[in-house]
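Okay, here's what each chain looks like letter by letter:
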Amino acid sequence: DAKTTQPNSMESNEEEPVHLPCNHSTISGTDYIHWYRQLPSQGPEYVIHGLTSNVNNRMASLAIAEDRKSSTLILHRATLRDAAVYYCILSPDGGNQFYFGTGTSLTVIP
Amino acid sequence: EAGVAQSPRYKIIEKRQSVAFWCNPISGHATLYWYQQILGQGPKLLIQFQNNGVVDDSQLPKDRFSAERLKGVDSTLKIQPAKLEDSAVYLCASSLTGGPYEQYFGPGTRLTVT
C-alpha cells in the first residue's frame, strides 16, 4: 500500500490560509494524490485530487512538488466549518482503491 | 441527487451475535466500497465491488465477515459472530468506474459490540 505521512494536528486562525502538508516519498509514477476530509460524525468527503500539475477548485488548491514526493493542500481562507480531519491518500495506478492514514486534525480558532 | 444511503445508523449487539448492514449507492455508480473505521483511525477498506463482482477483499476478515452485492446495486455486509474489536463505524461509499473518480460516502453505521 502506498503510504503517506501527515502531521497529527494543526491549528489555524479563522479567515487565514492553511497549508496542510503530506509526504509520499514512495509514490509511483501512476499514483494519483487525493485529499478527503471528514467532519465530526460524518463520512469523508472529497476535497481535491491531482497527478502532476497543481490543481484548483472552489474548495481548495493542491500544490504538488516537482518530484511528486510531497504535496500541500491549501485552504485559502479557513472557516469554522473547515475544522475536520484531512486525509491525504494515494490511489495506485489511477484506480480507486484508497488506503487512508490517520490524517491531520485541523482546528480553526475564531 | 440522492446520496449513499445506509441503515441502520446505530446498532448495539453482544459479542458472538450476528449483525448486517445495508447500503444503497448513488444511482449509476458501478463501484461500491465498504470501509471499517475504528475510533481515532482512518477508514480501512474492507471490500470493493464493481457491479456484482469483487475487485478487492484482501483486508476483509473472511472467517467472520461477508459481503454481497446482488444485481449490482444494493449491498449488505454481515458479521458473524461479532467480536468486541469489531466495534467501529462501517462506511459505505460508491463511485463511477475506471478511476480516479470521487468516492461518495454514506453517513455510516456505528456498531457497538458489548
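Below, the structure is looked at part by part. (Residues numbered from 1 in each chain as written. Chains lettered and ligands numbered in written order. Predicted model: local features only at pLDDT ≥ 70, side-chain atom pairs only at ≥ 80, totals over all residues. Heavy atoms only, no water.)

1. Let's talk about the environment of A:S61
All names here are of chain A.
Thinking step 1. On the secondary structure map, S61 appears in strand β6 (residues 61–64).
Thinking step 2. For S61 and L73, which are twelve residues apart along the polypeptide, the C-alpha to C-alpha distance reads 5.9 Å.
Thinking step 3. Contacts of S61, omitting those with residues within four sequence positions, involve I48, V55, N56, T72, L73, I74 and H76.
Thinking step 4. In this structure the side chain of S61 is engaged in a polar contact, spanning 2.5 Å, whose partner is the side chain of N56. (Helix = DSSP H or I, 4+ residues; strand = E, 2+ residues; numbered from the N terminus. Contact = heavy atoms within 4.5 Å. Polar contact = N/O pair within 3.5 Å; in protein donor to acceptor, adjacent residues only side chain to side chain.)

2. With respect to the interface of chain B and chain A
Thinking step 1. With 23 residues of chain B at the interface, the matching set in chain A holds 19 residues.
Thinking step 2. At the boundary of chain B with chain A, total buried surface from both sides reaches about 1500 Å², with 50% on carbon and sulfur atoms.
Thinking step 3. Summed over the three residues of chain B that lose the most area to chain A, namely B:P43, B:P100 and B:F105, the buried surface amounts to 32% of that side.
Thinking step 4. The interface formed by chain B and chain A contains zero salt bridges.
Thinking step 5. At the boundary of chain B and chain A, one finds six residue pairs in polar contact (both at pLDDT 80 or more).
Thinking step 6. Those elements giving two or more residues to the side of chain B that touches chain A turn out to be β4 (31–37), β5 (44–50), β6 (53–56) and β9 (88–95) of chain B.
Thinking step 7. Looking at side-chain class alone, the side of chain B that touches chain A contains ten nonpolar, eleven polar and two charged residues. (Buried area = accessible area lost by both parts, 1.4 Å probe. Salt bridge = Lys/Arg side-chain N within 4 Å of Asp/Glu carboxyl O. Nonpolar A, V, L, I, M, F, W, Y, C, P; charged D, E, K, R; others polar.)

3. As for the pattern of salt bridges
All names here are of chain A.
Thinking step 1. If you walk through the whole model with that rule in mind, you get five salt bridges over all chains.
Thinking step 2. Of the charged contacts in the structure, one is a salt bridge between E15 and R77, with a shortest N-O distance of 3.4 Å. Remark: R77 occurs in the loop between β7 (70–75) and β8 (84–91) and E15 occurs in the loop between β1 (9–13) and β2 (18–23); sequence separation between them is 62 residues. The residues E15 and R77 share a single accessibility class, namely exposed. (Buried < 20%, exposed > 50% of the residue type's maximum accessible area, 1.4 Å probe, protein only.)

These figures capture arrangement, not role.
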